[in-house]
Amino acid sequence: MAATRKKNGKTVVVALGGNAILQPGQVGTFEEQLFNIDGAMRRIVALVEEGWRVVLTHGNGPQVGNLLIQNALAAKTVAPMPMDVCGAMSQGEIGYMAAQSLANHLKKRKLEVPVVTLVTQVRVDAKDKAFAAPSKPVGPFYSEAEAKKMMLEEGLAMREDAGRGWRRVVPSPEPKEIVELEAVRDLVGGGLLVICSGGGGVPVVRSHGALSGIDAVIDKDLAAALLATELGADALLILTDVPRAYVHYGTPEQSALDTVTASQMRAYAAAGHFKAGSMGPKVEACLRFVDAGGESIIASLTEVGPALAGTAGTHIVPDAKTGSAGGRGATGATPPGKRTSRAKPAGAKPASAAPSEPKPARARGAGKPARRPAGAGKARPTDARATRPGSSSPDAAGADVIDIGEARKRASGGAS
């Protein structure tokens, strides 16, 4: 007899890295991606079997890049789609494969847990400083002449990329609001396994109540941290291609981090141990969720179960939890006394003993700050809303009616 879906229990937001979908050296065929996703989903289903309520997010960089290349190559034949639409398309593409694979594995284990993919919008602030300095490379490579023509005629920001040619660069603003949060909350509360916020969500801005897309890339891990916080999740699990976070990475002094307090992790980050393009955003996302009272874990895709059981990965915990007699608050894993709060040596001295490390400061908001409960009301962030060119008067009531043609003139021209 099939197991009944569970509407209670602990909730984990799982953020899959790009390696879970497309491996280095692969060209990105449907068969390659489905094979990779199927292996990842098998491990996710094991968490469901253990009683976790799972909310799954994922990267989409290669998929959006491929869609932009298809846009460029077929521009004379079919109308190219703007970047936000490509992001939504990739959420559907990856979500379809993931949902199908999850459903198949759940059925094999006789688990009656419905799966749903939700195309998710994430609001950003049009006044975010990132719009003044686009930095995220996307899409195909161009010659210098082509790039300069695109900058002149289309107003796009272009940049030379490590001697390989010129690429378009777009802003990477901070995520401010999960637009479909209440839908996600209701679905999770109903016992469904939800796939959402793929690629950090489709970036949108709000002007006088109306939403419209904008050309940008939101960091998927920062969006996952916001999602986990707003859902009141118990744990944030960021899966990558290394078993732990490291200090002195790639040097003879490399050391793996086991259980680390928030203030210790901040000290390591301030010392430059986590690169901006790789581990840096993951660590920042983990710290934000810990500040909200949860526990964050960075682990390998192959160690999903052990990571949540407390026997694998890097666990970042609030400062007040070190030395407590109880187990892990979020994961219920091995008590801290059985896992060191220092860096675990990898054939070298522990990171915590490195003389060059700054003395960790006590984490802001130490202890366990109250998080928004799962059944909380529909309060929305109150930051300044974006004003779009061509929108109605600020005194107008209700939602703006935005001209579609104007709304598509964005990126560096309409969003800065």
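Residues numbered from 1 in each chain as written. Predicted model: local features only at pLDDT ≥ 70, side-chain atom pairs only at ≥ 80, totals over all residues. Heavy atoms only, no water.

## Let's talk about the overall build of the chain
Moving on, step 1. Helix and strand content of the chain: ten helices and 18 strands.
Moving on, step 2. For the chain, the proportion of its 416 residues judged to be buried stands at 53%.
Moving on, step 3. The contacts of the chain with a sequence gap of at least 6 include a subset with a gap of at least 24, amounting to 77%.
Moving on, step 4. Counting every atom, the chain has about 18,600 Å² of accessible surface; 55% of that belongs to carbon and sulfur. (Helix = DSSP H or I, 4+ residues; strand = E, 2+ residues; numbered from the N terminus. Buried < 20%, exposed > 50% of the residue type's maximum accessible area, 1.4 Å probe, protein only. Contact = heavy atoms within 4.5 Å. Areas by Shrake-Rupley, 256 points an atom, 1.4 Å probe, with all protein chains shown as cover.)

## A few points about the packing of helix α2 (residues 61-73) against helix α3 (residues 83-108)
Moving on, step 1. Two elements in contact, α2 and α3, have axes whose closest approach is 9 Å; the angle formed by their N-to-C orientations is 125 degrees. The pairing of α2 with α3 is recorded here as oblique in orientation. Like other packed secondary-structure pairs, α2 and α3 cross with a definite hand, here right-handed. Contacts from Gln63, Val64, Leu67, Leu68 and Asn71 of α2 reach α3 at Met83, Cys86, Gly87, Met89, Ser90, Glu93 and Ile94.
Moving on, step 2. Residues of the contact of α2 with α3, tallied by class, amount to seven nonpolar, four polar and one charged. (Axes fitted to C-alpha atoms, helices over the stretch in contact; angles between N-to-C directions. Parallel < 35°, antiparallel > 145°, perpendicular 65-115°, else oblique. Left-handed = near helix turned anticlockwise from the far one by under 90°. Nonpolar A, V, L, I, M, F, W, Y, C, P; charged D, E, K, R; others polar.)

## Some remarks on the sheet that holds strand β5 (residues 136-142)
Moving on, step 1. What the three strands build is an open sheet, ordered β5-β7-β6; its pairing is antiparallel. Only two strands of the sheet have a single neighbouring strand rather than two, namely β5 and β6 (158-160). Taking each pair of neighbouring strands and ignoring which way they run, the sheet shows an average axis angle of 40 degrees.
Moving on, step 2. Seen against the sheet, helix α4 (residues 144-154) touches β5, β6 and β7 (166-170) and runs at an angle of roughly 125 degrees to β5. (Pairing = 2+ DSSP bridges.)

## Focus: the nonpolar core
Moving on, step 1. The biggest cluster of nonpolar side chains holds 50 residues, and the ones touching the most others in it are Val13, Val184, Leu227, Leu236, Leu257, Met265 and Phe274.
Moving on, step 2. Counting residues per element, this core draws most heavily on helix α6 (residues 220-231), at eight residues.
Moving on, step 3. Leave out the neighbours within four places in its chain, and Leu227 touches Val13, Val55, Thr57, Ile178, Leu181, Val184, Cys196 and Ser197.
Moving on, step 4. With 34 residues, the next largest nonpolar core counts Ile37, Leu111, Ile195 and Ala235 among its residues. (Core = buried A, V, L, I, M, F, W, Y, C linked by side-chain atoms within 4.5 Å.)

## Focus on the sheet that holds strand β4 (residues 121-123)
Moving on, step 1. Spatial strand order, β8-β4-β10-β11: four strands in an open sheet with mixed pairing. The open sheet has two edge strands with one neighbour each: β8 (177-178) and β11 (210-213).
Moving on, step 2. Judged from the two bridges that link them, β4 and β8 form a sheet pairing that is antiparallel. In the strand pairing of β8, Val122 is matched with Ile178.

## Remarks on the packing of helix α5 (residues 181-189) against α6
Moving on, step 1. Axis separation between α5 and α6 bottoms out at 11 Å; the angle between their running directions is 60 degrees. Comparing their axes, α6 and α5 come out oblique. The two elements α5 and α6 meet at a crossing, and its hand is right-handed. Contact with α5, carried on its side by Leu181, Val184 and Arg185, involves Leu227, Glu230 and Leu231 of α6 and no other residues of that element.
Moving on, step 2. Of the residues in the contact of α5 with α6, the class split is four nonpolar, no polar and two charged.

## Some details on the side chain of Lys282
Moving on, step 1. Turning to its location among the elements, Lys282 is positioned in helix α8 (residues 279-291).
Moving on, step 2. Given the relative accessible area of 12%, Lys282 is considered buried.
Moving on, step 3. Excluding its chain neighbours within four sequence positions, the residues that come into contact with Lys282 are Lys220, Asp221, Ile238, Thr240 and Ile298.

## Points about the pairing of strand β17 (residues 314-317)
Moving on, step 1. Across the two faces of β17 the burial is the same, with Thr314 and Ile316 and His315 and Val317 all buried.
Moving on, step 2. Here three bridges tie strand β16 (residues 295-300) to β17, and the two strands are oriented antiparallel to one another. From the neighbouring strand, Ile297 faces β17, where its bridge partner is His315.

## Quick word on the pattern of salt bridges
Moving on, step 1. For the structure on display, the rule yields 13 salt bridges.
Moving on, step 2. Note that Glu177 and Arg123 form a salt bridge whose closest N and O atoms lie 2.7 Å from each other. Of this pair, Glu177 sits in strand β8 while Arg123 sits in strand β4, placing them 54 residues apart in sequence.
Moving on, step 3. For Glu177, the salt bridge identified is with Arg206, shortest N-O distance 3.2 Å. Remark: Arg206 occurs in strand β10 (residues 202-207) and Glu177 occurs in strand β8; sequence separation between them is 29 residues.
Moving on, step 4. Here Arg206 falls in the buried class, since its relative accessible area comes to 13%.
Moving on, step 5. In this structure, a network of salt bridges that share partners links the residues Arg123, Glu177 and Arg206. (Salt bridge = Lys/Arg side-chain N within 4 Å of Asp/Glu carboxyl O.)

## Here's the deal with α6
Moving on, step 1. Here α6 spans 16 Å end to end across twelve residues, near enough to the 16 Å set by a 1.5 Å rise per residue.
Moving on, step 2. Where burial is concerned, most of α6 is hidden: eleven out of the twelve residues are buried.
Moving on, step 3. Where α6 is concerned, the buried positions are Lys220, Asp221, Leu222, Ala223, Ala224, Ala225, Leu226, Leu227, Ala228, Thr229 and Leu231.
Moving on, step 4. Between the side-chain oxygen at the start of α6 and the backbone nitrogen of Asp221 there is a gap of 3.0 Å, and the oxygen is on Asp219. (Expected span 1.5 Å × (residues − 1). Polar contact = N/O pair within 3.5 Å; in protein donor to acceptor, adjacent residues only side chain to side chain.)

## Looking at the environment of Val202
Moving on, step 1. Positionally, Val202 belongs in strand β10.
Moving on, step 2. What makes Val202 buried here is its relative accessible area of 7%.
Moving on, step 3. Sequence separation of Val202 and Ile178 is 24 residues, and the distance between their C-alpha atoms is 9.8 Å.

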